[in-house]
Amino acid sequence: MNDPRRERSLSFGSEAAAYERGRPSYPPEAVDWLLAPTADWDARDVLDLGAGTGKLTTRLVERGLRVIAVDPIAEMLDMLRGALPDTPALLGSAEQIPLPDSHVDAVLVAQAWHWFDADRAAAEVARVLRPGGRLGVLWNTRDERSGPGWVKDFGEIVGHEHDRDNATVDLPETFTDVATHQVRWINYITPQALIDYVASRSYCITSPADVRARTLEEVRELLATHPSLAGATGLALPYVTVCVRATLNAKS
């Protein structure tokens, strides 16, 4: 039986290049908060789970961390390996992480937790984490509330984002000290990157060809006709990055 959700979760390979061009990275402040050291914990070995083309992986490597990237889509990992040839990049899923037990200090998941089987993923994350290790989940949401008017108009075309109101990650009791945090920031992009952003969205990739073409044309029309966008060579797209972190119980 077809599973539309799984089909969408694995659809990104055909648009891996557009994903890399159009998707935002993550603000340093969000990573700072997710990996903030404590008196008895610090991150050295980090798993980027659902790493995609390496948007977050790059930020982790820049910090001098020992990073392993895991993703279920070969085309996405090919993009990651091209940018980060010295970073181990393994084909695998959140439900079957290809790492030994107690292997990393932290597992970070960017823009991917909603694709996972949450119960199985939480169990696997707990397995590969060292006792007292940390899980960090983050995702970018467009800031349609305080951003310029064109951002809301853009949302009318591609679908509004309200994820930050429901930023919860249900975890078993093996995880404690669950906390949330938000970071507001601006992503400066080109008009073409906005088109690539839409082209790399799963709903657009899996839509019938005529629907996909119409959606992309509506974005091009917005860029050409909106008073704030017409003729612009650069765009300021505001985001709120929502973060959730939790600690694996040291007795687990």
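Reading the values: rules and limits
Residues numbered from 1 in each chain as written. Predicted model: local features only at pLDDT ≥ 70, side-chain atom pairs only at ≥ 80, totals over all residues. Heavy atoms only, no water. Pairing = 2+ DSSP bridges. Helix = DSSP H or I, 4+ residues; strand = E, 2+ residues; numbered from the N terminus. Axes fitted to C-alpha atoms, helices over the stretch in contact; angles between N-to-C directions. Buried < 20%, exposed > 50% of the residue type's maximum accessible area, 1.4 Å probe, protein only. Right-handed = clockwise from strand over helix to strand, strands pointing away. Core = buried A, V, L, I, M, F, W, Y, C linked by side-chain atoms within 4.5 Å.

Trainee: Help me understand the sheet that holds strand 1 (residues 45-49), please; the structure alone is not making it clear to me.
Mentor: Each strand in a sheet pairs with its neighbour through backbone hydrogen bonds, running either in the same direction (parallel) or in the opposite one (antiparallel). As summarised here, the arrangement of the seven strands in space is 3-2-1-4-5-7-6, forming an open sheet in which the pairing is mixed. In this open sheet, the two edge strands, each paired with only one partner strand, are strand 3 (89-91) and strand 6 (175-189). In this sheet, adjacent strand axes meet at a mean angle of 20 degrees when their direction is disregarded. With nine bridges connecting them, strand 5 (residues 129-142) and strand 7 (residues 235-248) associate as antiparallel partners. Note that in strand 7 the partner of leucine 135 across the bridge is alanine 246.

Trainee: Just to check I follow, could you spell out the pairing of strand 4 (residues 104-110) for this structure?
Mentor: Consecutive residues of a regular strand have side chains that alternate between opposite faces of the sheet. With seven of seven residues buried, strand 4 lies mostly within the body of the structure. In the sheet, strand 1 pairs with strand 4 via three bridges, with the strands oriented parallel. Paired with leucine 47 across the strands is valine 107, a residue of strand 4. Pairing of strand 4 with strand 5, which is carried by six bridges, proceeds in the parallel orientation. Opposite alanine 106, over in strand 5, you have arginine 134 as the bridge partner. With helix 6 (residues 118-128) bridging strand 4 and the parallel strand 5, this β-α-β connection has right-handed handedness.

Trainee: Any chance you could explain the nonpolar core here in plain terms?
Mentor: In a soluble, globular protein the nonpolar side chains are often hidden away together inside. Grouped together as the largest cluster of nonpolar side chains are 35 residues, with contacts concentrated most on Leu47, Leu49, Val107, Val109 and Phe116. Only helix 2 (16-22), strand 1, strand 2 (66-71), strand 4, helix 6, strand 5 and strand 7 provide two or more residues apiece to this core. The element contributing the most residues to this core is strand 7, with five residues. Ranked by size, the runner-up nonpolar core spans 22 residues in total, among them Ile195, Leu229, Leu235 and Tyr239.

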